[in-house]
Amino acid sequence: MTLILLLASLAALGYAACYLAVCAASPWGRCRRCHGARYHRTTIGTRRDCRNCDGTGIRVRIGRRLIDFIRAEYRDGHQ
């Protein structure tokens, strides 16, 4: 039983490390609302610029926000 828990926790840590590496290398992702199209369809069928991404089609990944927060806390603690 402990071997299974150890392997599961190592797999979760490995996944988290890979995700943070991807976020460090490529901090931008596609917008979740417009899927990178820069606009979305309204209920009557017209196009509007996406409010979530301000019409850019990209967003900052959650992992990148976490990395920036950790860096800011580290920098503020060492001043």
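Caption draft 1: A nonpolar patch on the surface, seen in detail. Taken together, the side chains of Y15, Y19, L20, I62, L66, F69 and I70 present a nonpolar region at the surface, about 720 Å² in accessible area. Of all the elements in the fold, those that place two or more residues in the nonpolar patch are α1 (2-25) and α2 (62-77). Of the residues forming the nonpolar patch, the biggest block, four residues, is contributed by α2. For L20, the position within the fold is in helix α1.

Caption draft 2: View of the packing of aromatic side chains. Across all of its chains, the model carries zero aromatic pairs by this definition. Residue placement shows R47 over the ring face of Y39; its charged tip is 4.3 Å from the ring centre.

Caption draft 3: How the structure looks around the environment of R30. Among the secondary structure elements, R30 is positioned in strand β1 (residues 28-30). Exposure remark for R30: the relative accessible area of 58% places this residue in the exposed category. Separated by 25 residues in sequence, R30 and L5 have C-alpha atoms that sit 34 Å apart.

Caption draft 4: Quick peek at the pattern of salt bridges. Taken as a whole and assessed by the stated rule, the structure comprises one salt bridge. D68 is paired through a salt bridge with R64; the nearest N and O atoms lie 3.5 Å apart. Of this pair, D68 and R64 both sit in helix α2, four residues apart, which is roughly one turn of the helix. For R64, a relative accessible area of 17% puts it in the buried group.

Basis of the calculations
Residues numbered from 1 in each chain as written. Predicted model: local features only at pLDDT ≥ 70, side-chain atom pairs only at ≥ 80, totals over all residues. Heavy atoms only, no water. Patch = residues over 30% accessible without salt bridge, like charges linked within 9 Å, V, L, I, M, F, W, Y side chains within 5 Å. Areas by Shrake-Rupley, 256 points an atom, 1.4 Å probe, with all protein chains shown as cover. Salt bridge = Lys/Arg side-chain N within 4 Å of Asp/Glu carboxyl O. Helix = DSSP H or I, 4+ residues; strand = E, 2+ residues; numbered from the N terminus. Phe/Tyr/Trp six-rings, centres within 6.5 Å; stacked < 30°, edge-to-face > 60°. Lys NZ or Arg CZ within 6 Å of the ring centre and 35° of its normal. Buried < 20%, exposed > 50% of the residue type's maximum accessible area, 1.4 Å probe, protein only.

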